Amino acid sequence: MHRTSRPIRQTLPLNLIIDDRPALVVGGGQVGLRKVRNLLDAGARVVLVCPEACTDLVALCDAESARLAWERRRYAAGNAAGHLVVFACTDDKHANRAILDDARRLHVPCCCSDMNWCDGDFTTPAAARLGDILLAVSTSGQSCRSARDVKNELVQYLDSRRNAQIFVLGTSDAFLPSRRRAPLHLPAEERAALGRLITHIKGVREFFILNTCNRVELTIVGPDDPETLALLKRLTGFDRLAENEYFALSGFEAFRHLVRVASGLESSLLGEFHVVSQIKEAFDEAEAKGWSGPALKFAAAEILRVSKCVRHAVEGLLKVAEIDQIAVRYLSVHGGVDPTTHVVVVGTGMVGTGAVEALLRLGVRITWIYHSRIPELGSLQAPGATASSAISLAPLTDLPQVLATADIVLSAVDSAKPVVTAAMAPQVQDRNVLMVDLGVPRNIDPFFDDCGHGVTVADLDDLKLWHRVKTGTLNEVLSRADEIIQSEYKDIV
């Protein structure tokens, strides 16, 4: 037997304003119950016409007696008059057709719940309310089940969005020393691999990974629940840490943390500026790899905006210094620099370039070691210093030979393994060489920490402790910053 396809009717989507206006529902089954509930939710005054009703509909009539009148009888000609709309949803297709014809005669729009629907005046799509959002799905009559399934999927998606919030999982030098933190840091390939795994976690909509010399953080827009946290800890390796060696923040606490990080106030180098560029790079990476979307873009803009407000408010209280500046100050104090001092700088990134600019002002001889990108000396910001005469450039492969005449070594490269290796020890031993390691993971092999023979090594933790002792910690800065963050957060949410 050939089965005819369902009819298709092109419709115009409308939102009917029916608040405190009369509507008629004929039929007391489950379909009638749904129509009555939807009308009451929209604020209508409903008349129900049917001799009997299902249990839930009877209970609803008792509970909503002020707006729902039940007339225990069958529909009679003329009953549609005076109503804004009529729903014919009895279990008798002939009765429904008669109601439709009577409503049409009275010029009252009518919807039928059976196959008479295609001759009616309107249909009701599969719908759901989520706060101020009214979601409606229609298949033009082809499949009520498909419309319902799509609606349910969209409801789940919107629910997850409404329940999603900013969540931060991370660790930093305030929680974990650099030697223990180094294995958690993620070179570009490892960040990409981690990102691919995170994209498959249900509920995680957007995220970015902040990987700097003093912190590793994962910021997501998604659910704040124990199962998601446990999975993220497993993927990042934080599950191997004690509870006091990492942090997990959500809601306002996460927002405050991110603003304080962007303001340079979550670093032991209070007020550092490099972190702003690092955050922007993390956002750019997330966007390029498809990890971010509208929610993170909005959050990023607000975090950077509020952090700028915080900086302006506290800048008069801070003695701001970047890690490259502190490293140069440290070696100028401990290394006894003069025009004959030979300083080897490994790395041409932001930190390495900043260190070279600061060293130029000290008038030392510099050998600048590069890997794949040859630095442009003409772009250096060092007033009064002649870069071309003070700096020699050398590739990374020449590092062992260059070390043979080095007095100070300052390394700041993004490398998974040390670039100054134990095999290079004969080049520096017995010459009182000072090494400053700004890398995470370590750029200088830990072998040199205890090798003696006149070699001294200072890493990030040593520099930050030295700087903190010199400048002190300004609690009033953090208090003033939190006042601003709290005020701005209230306006955002």
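An account of the accompanying structure is given in this report. These numbers were taken from a predicted model, which means no experiment stands behind them. (Residues numbered from 1 in each chain as written. Predicted model: local features only at pLDDT ≥ 70, side-chain atom pairs only at ≥ 80, totals over all residues. Heavy atoms only, no water.)

Section: the side chain of Asn443
Move 1: Within the secondary structure, Asn443 sits in the loop between strand E16 (434-437) and strand E17 (456-458).
Move 2: In this structure Asn443 comes out as buried when scored by relative accessible area, which is 0%.
Move 3: Among the polar contacts made by the side chain of Asn443, one reaches the side chain of Ser411 at a distance of 3.0 Å.
Move 4: Setting aside its immediate chain neighbours within four residues, Asn443 contacts Ser411, Ala412, Val413, Pro418, Val419, Val420 and Asp437. (Helix = DSSP H or I, 4+ residues; strand = E, 2+ residues; numbered from the N terminus. Buried < 20%, exposed > 50% of the residue type's maximum accessible area, 1.4 Å probe, protein only. Polar contact = N/O pair within 3.5 Å; in protein donor to acceptor, adjacent residues only side chain to side chain. Contact = heavy atoms within 4.5 Å.)

Concerning the pairing of strand E6 (residues 126-130)
Move 1: Residues Ala126, Ala128 and Leu130 of E6 are buried on one face, while the alternating residues Ala127 and Arg129, pointing to the opposite face, are not.
Move 2: In terms of strand pairing, E6 meets strand E7 (residues 133-137) through 5 bridges, oriented antiparallel. Each residue of the ladder has a partner; that of Leu130, found in E7, is Ile133.
Move 3: Hairpin connection of E6 to E7: 2 residues between the antiparallel strands, including Gly131 at a positive phi of 65 degrees. (Pairing = 2+ DSSP bridges.)

Examining the sheet that holds strand E8 (residues 165-172)
Move 1: Strand order in the open sheet made by the 4 strands is E9-E10-E8-E11, with antiparallel pairing throughout. One side of each edge strand has no neighbouring strand; the edge strands of this open sheet are strand E9 (206-212) and strand E11 (247-250). Taken pair by pair, the neighbouring strands of this sheet meet at an average axis angle of 15 degrees, ignoring direction.
Move 2: The pairing of E8 with E11 spans 4 bridges and is antiparallel. Each residue of the ladder has a partner; that of Phe167, found in E11, is Ser250. (Axes fitted to C-alpha atoms, helices over the stretch in contact; angles between N-to-C directions.)

Focus: the packing of aromatic side chains
Move 1: A full pass over the atoms with the stated rule returns 8 aromatic pairs.
Move 2: Ring plane angle 65 degrees and centroid distance 5.0 Å describe the contact between Phe252 and Tyr489, whose orientation is recorded as edge-to-face. Residue Phe252 is located in helix H8 (residues 251-262), and its partner Tyr489 is located in helix H16 (residues 475-492); the two are separated by 237 residues in the primary sequence. Tyr489 carries the same exposure label as Phe252, and that label is buried.
Move 3: In this structure an aromatic cluster arises from ring pairing among Phe252, Phe255 and Tyr489.
Move 4: Of note, Arg72 hangs over the ring of Trp70, and the distance from its end group to the ring centre comes to 3.7 Å. (Phe/Tyr/Trp six-rings, centres within 6.5 Å; stacked < 30°, edge-to-face > 60°. Lys NZ or Arg CZ within 6 Å of the ring centre and 35° of its normal.)

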